[in-house]
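Chain residues, written in single-letter form:
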Amino acid sequence: MLRTPTDEVVDFDESLATLIEDMFASMYAAEGVGLAANQIGVGLSVFVYDCSDASGANHVGHVVNPVLVSAGGEVDADYEGCLSIPGLHYDTERASYAAVEGVDRHGAPVRVVGDGQLARCLQHETDHLHGLLFVDRLRGRAKRKAMREVLATDWA
Ligand code: ZN
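What counts, and where the lines are drawn
Residues numbered from 1 in each chain as written. Predicted model: local features only at pLDDT ≥ 70, side-chain atom pairs only at ≥ 80, totals over all residues. Heavy atoms only, no water. Donors = N, O, S within 2.8 Å, 3.2 Å for Na, K, Ca; no water. Helix = DSSP H or I, 4+ residues; strand = E, 2+ residues; numbered from the N terminus. Buried < 20%, exposed > 50% of the residue type's maximum accessible area, 1.4 Å probe, protein only. Pairing = 2+ DSSP bridges. Disulfide = S-S within 2.5 Å.

Looking at the metal site, the zinc ion is ligated by Cys82 (SG), His124 (NE2) and His128 (NE2), spaced 2.0 to 2.2 Å from it. Donor residues for the zinc ion, ordered by position in the chain, follow C-x41-H-x3-H. Within this pair, His124 and its partner His128 are both found in helix H2 (residues 116–129), separated by four residues, close to a single helical turn. Overall, His124 belongs to the buried group, its relative accessible area being 6%.

Consecutive side chains of a regular strand alternate in pointing toward one face of the sheet and then the other. By the bridge criterion, seven bridges tie strand S4 (residues 89–103) to strand S5 (residues 109–115) in an arrangement that is antiparallel. Counted as the bridge partner of Val100 is Val112 from S5.

This paragraph deals with the state of the cysteines. Tallied over the full model, the rule gives zero disulfides. Just so you know, Cys121 is unpaired, no disulfide at all, and the nearest cysteine sulfur is the one on Cys51, 3.9 Å from it.

Quick look at the pairing of S4 now. Relative to S4, strand S3 (residues 58–81) is paired through 13 bridges, and the arrangement is antiparallel. The residue bridging Val67 from the neighbouring strand is Glu101, located in S4. Count of turn residues in the S4/S5 antiparallel hairpin: five residues, of which Gly107 carries a positive phi of about 95°.

Structure below.
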């Protein structure tokens, strides 16, 4: 499921609203800062987030059919983890600034822009919806170390 690119949402009905509620509940239960629908077994292009930007301001929301329209600034290698890869964290290179465009659960356009943890989260969650995991972004020895540790987990 996590390796399959998700499908575009075409029905903006009550089941989409319920999915988003379930995703927030799952994210908060796991004390995460972001969650993609395919992490709870639903192959639709939706993510939710609750994280801070570099100024410390908090951002909470959801994006349906998100597209990473811009990612730039400096490349930061910082601590990153994933609720679907429990217990493992690696310094992962991400653009320090990111912008995502999509729609909300009613189909109205939304744009989420930010730096800091929010930028990292926007890149991490849009990757999920394309079937990519953060360990895929690692390179060289760091990637080999991560793959070894992932394979050694109970759930691999
Ligand atoms: Zn993740």
